[in-house]
Amino acid sequence: MESGADGRLDAAAFLGAWRRFDADDNGYIEGKELDDFFHHLLEKLGPESTITEEEVQRMKEQFMSVYDVTTDGRLQIQELANMILPDDENFLLLFRRETPLDNSVEFMRIWRSYDADSSGFISAGELKDFLRDLFLQHNKMVAEVKLEEYTDTMMKIFDKNKDGRLDLNDLARILALQENFLLQFKMDACSTEERRRDFEKIFAHYDVSKTGALEGPEVDGFVKDMMELVKPSISGVDLDKFRQILLNHCDVNKDGKIQKSELALCLGLKINP
């Protein structure tokens with residue numbers, strides 16, 4: 001596997017490895033890509049003529065049992081980084097959490113913090129600020145030149161439409177945001193009691209501050225998940241438009257928040273006070 005000038009694998013070399021083996025650019029190494037990757041590892045360890053399919057599969061099983069933390073039979077970018085990057089170069093470790101990011105409210109709080117100009121996108125400069133803050137949170141010092149390299153690498157990996165900026169979906173991939181919370185609920189015909197029960201669960205999930213009203217990133221998170229039920233890939237611009245529509249429709253007292261009773265009214269529900 002290619003390495004940096006000092007013979008060690010660095011962020012740029014890691015990017016080359018990722019691009020080589022994620023051949024279909026879907027954000028995972030899986031299937032034949034996975035076999036090719038482990039065949040390549042075995043090539044580095046010994047002469048190619050000695051490599052058998054059984055050895056490839058044995059190595060794959062050994063490594064996947066350790067590094068496939070999602071146990072989905074494929075490698076995510078963080079999992080591959082944990083496998084082949086030395087700790088002091090593994091900037092993707094910054095995104096590994098004790099618990100997964102499973103609430104769009106926290107995701108939108110991060111989005112709003114780093115989309116500093118409210119453009120609906122995160123530029124390279126804003127991404128660099130995000131990475132710098134992550135290093136500080138992890139008590140790690142990083143030289144400006146390395147920060148530039150890491151920012152460039154992240155852009156090249158996650159900027160899927162190659163426009164030099166990140167959209168909501170790009171950042172969701174970086175932060176490994178979990179599945180849309182609303183997918184677990186039936187949105188079609190069900191009893192009034194079931195709808196009322198589902199509403200209570202849904203409101204409690206997005207009312208992270210437990211104030212009885214959705215505000216700021218809580219509204220954002222709810223809007224994001226609602227929109228993605230009908231349009232899987234939404235932009236920051238789309239989200240801002242729909243957010244305003246929702247507030248215009250539901251925020252009866254015009255305080256910039258959506259009270260529990262206001263949202264229930266919007267959804268045609270009667271709830272207990």
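Remember, predicted model here, so these are calculated numbers, not experimental data.

Here we look at the pattern of salt bridges
- Applying the stated criterion across every chain yields a total of 20 salt bridges.
- Arg 165 is paired through a salt bridge with Asp 163; the nearest N and O atoms lie 3.1 Å apart.
- For Glu 200, the salt bridge goes to Lys 260, with nearest N and O atoms at 2.6 Å. Here Glu 200 is found in helix 9 (residues 192–206), whereas its partner Lys 260 is found in helix 12 (residues 260–266), with 60 residues between them in sequence.
- When salt bridges with common partners are traced through the structure, they connect Lys 128, Asp 129, Arg 132, Glu 144 and Glu 148 into a single cluster.

Overview of the packing of aromatic side chains
- Applying the stated criterion across every chain, the model contains 10 aromatic pairs.
- An angle of 85° between the planes, with centres 6.0 Å apart, marks the rings of Phe 181 and Tyr 206 as edge-to-face. Taken together, the positions of Phe 181 in the loop between helix 8 (168–174) and helix 9 and Tyr 206 in helix 9 put the pair 25 residues apart, joining distant regions of the chain. Each member of the pair, Phe 181 together with Tyr 206, is buried.
- One aromatic cluster is present, built from ring pairs that chain together Phe 21, Phe 37, Phe 38, Phe 63 and Tyr 67.

So, the confidence of the model for the protein
- Looking at the protein, pLDDT values average 83 and 85% of them are 70 or higher.
- Here helix 1 (residues 11–21) stands out as the least confident element of the protein, with mean pLDDT 76; strand 3 (residues 213–214) is the most confident, with 96.
- Counted against residues more than four places away or in other chains, residues 3–7, with its pLDDT under 50, gives 6 contacts.

Comments concerning the environment of Thr 52
- When you line up the elements, Thr 52 lands in the loop between helix 2 (32–45) and helix 3 (53–67).
- Here Thr 52 falls in the partly exposed class, since its relative accessible area comes to 34%.
- Counting along the chain gives 10 residues from Thr 52 to Leu 42, while the straight-line C-alpha distance between them is 9.7 Å.

Focus on helix 10 (residues 217–228)
- In a regular helix each residue adds 1.5 Å, so 12 residues correspond to 16 Å; helix 10 covers 16 Å between its end C-alpha atoms and thus fits that length.
- In terms of residue burial, helix 10 counts as a mostly covered element, since 11 of its 12 residues are buried.
- Here helix 10 has its buried residues at Pro 217, Glu 218, Val 219, Asp 220, Gly 221, Phe 222, Val 223, Lys 224, Asp 225, Met 227 and Glu 228.

A short note on the state of the cysteines
- Within this structure, the stated rule accounts for 1 disulfide.
- Across the disulfide from Cys 250 sits Cys 266; the S-S distance is 2.0 Å. Between Cys 250 and Cys 266, the S-S torsion sits near -140°, and that sign places the bridge as left-handed. With a gap of 16 residues between them, Cys 250 in helix 11 (residues 236–250) and Cys 266 in helix 12 connect regions that are remote in the sequence.
- A residue is classified by how much of its surface remains accessible, and Cys 250, at 1% relative accessible area, is buried.
- Overall, Cys 266 belongs to the partly exposed group, its relative accessible area being 22%.

Looking at the UniProt feature "domain: EF-hand" (unreviewed entry) in the protein
- Those places that UniProt annotates as "domain: EF-hand" (unreviewed entry) correspond, in this numbering, to residues 9–44, 102–137, 146–181, 194–229 and 237–273.
- Across residues 102–137, the secondary structure splits into 69% helix and 6% strand, with the terminal C-alpha atoms separated by 20 Å.
- Secondary structure across residues 194–229 divides into 69% helix and 6% strand, with the first and last C-alpha atoms of the span separated by 19 Å.

Let's talk about helix 5 (residues 104–114)
- Along helix 5, the residues that are buried comprise Ser 104, Val 105, Phe 107, Met 108, Ile 110, Trp 111 and Tyr 114.
- For helix 5, the capping residue at the N-terminal end is Asn 103, with a side-chain oxygen 2.8 Å from the backbone nitrogen of Val 105.

Describing the side chain of Lys 60
- Mapped onto the fold, Lys 60 is located in helix 3.
- The contact partners of Lys 60, leaving out residues within four places of it in the chain, are Leu 34, Asp 35 and Phe 38.

What about unusual backbone geometry?
- Positive phi outside glycine occurs at Ser 118, with the angle close to 55°.
- Inspection of the secondary structure assignment puts Ser 118 in the loop between helix 5 and strand 1 (122–123).
- On the accessibility criterion, Ser 118 (55% relative accessible area) is exposed.
- In this structure, Lys 162 takes a positive phi of about 55° despite not being glycine.
- In this structure, Lys 162 sits in the loop between helix 7 (144–158) and strand 2 (165–166).

Regarding the environment of Phe 38
- Structurally, Phe 38 can be placed in helix 2.
- Once residues lying within four places of it in the same chain are set aside, the contact partners of Phe 38 are Val 56, Met 59, Lys 60, Phe 63, Met 64 and Met 83.

About the cut-offs
Residues numbered from 1 in each chain as written. Predicted model: local features only at pLDDT ≥ 70, side-chain atom pairs only at ≥ 80, totals over all residues. Heavy atoms only, no water. Salt bridge = Lys/Arg side-chain N within 4 Å of Asp/Glu carboxyl O. Helix = DSSP H or I, 4+ residues; strand = E, 2+ residues; numbered from the N terminus. Phe/Tyr/Trp six-rings, centres within 6.5 Å; stacked < 30°, edge-to-face > 60°. Buried < 20%, exposed > 50% of the residue type's maximum accessible area, 1.4 Å probe, protein only. pLDDT = per-residue confidence, 0-100. Contact = heavy atoms within 4.5 Å. Expected span 1.5 Å × (residues − 1). Disulfide = S-S within 2.5 Å. UniProt positions renumbered as here; feature names shortened; annotations may be inferred. Polar contact = N/O pair within 3.5 Å; in protein donor to acceptor, adjacent residues only side chain to side chain.

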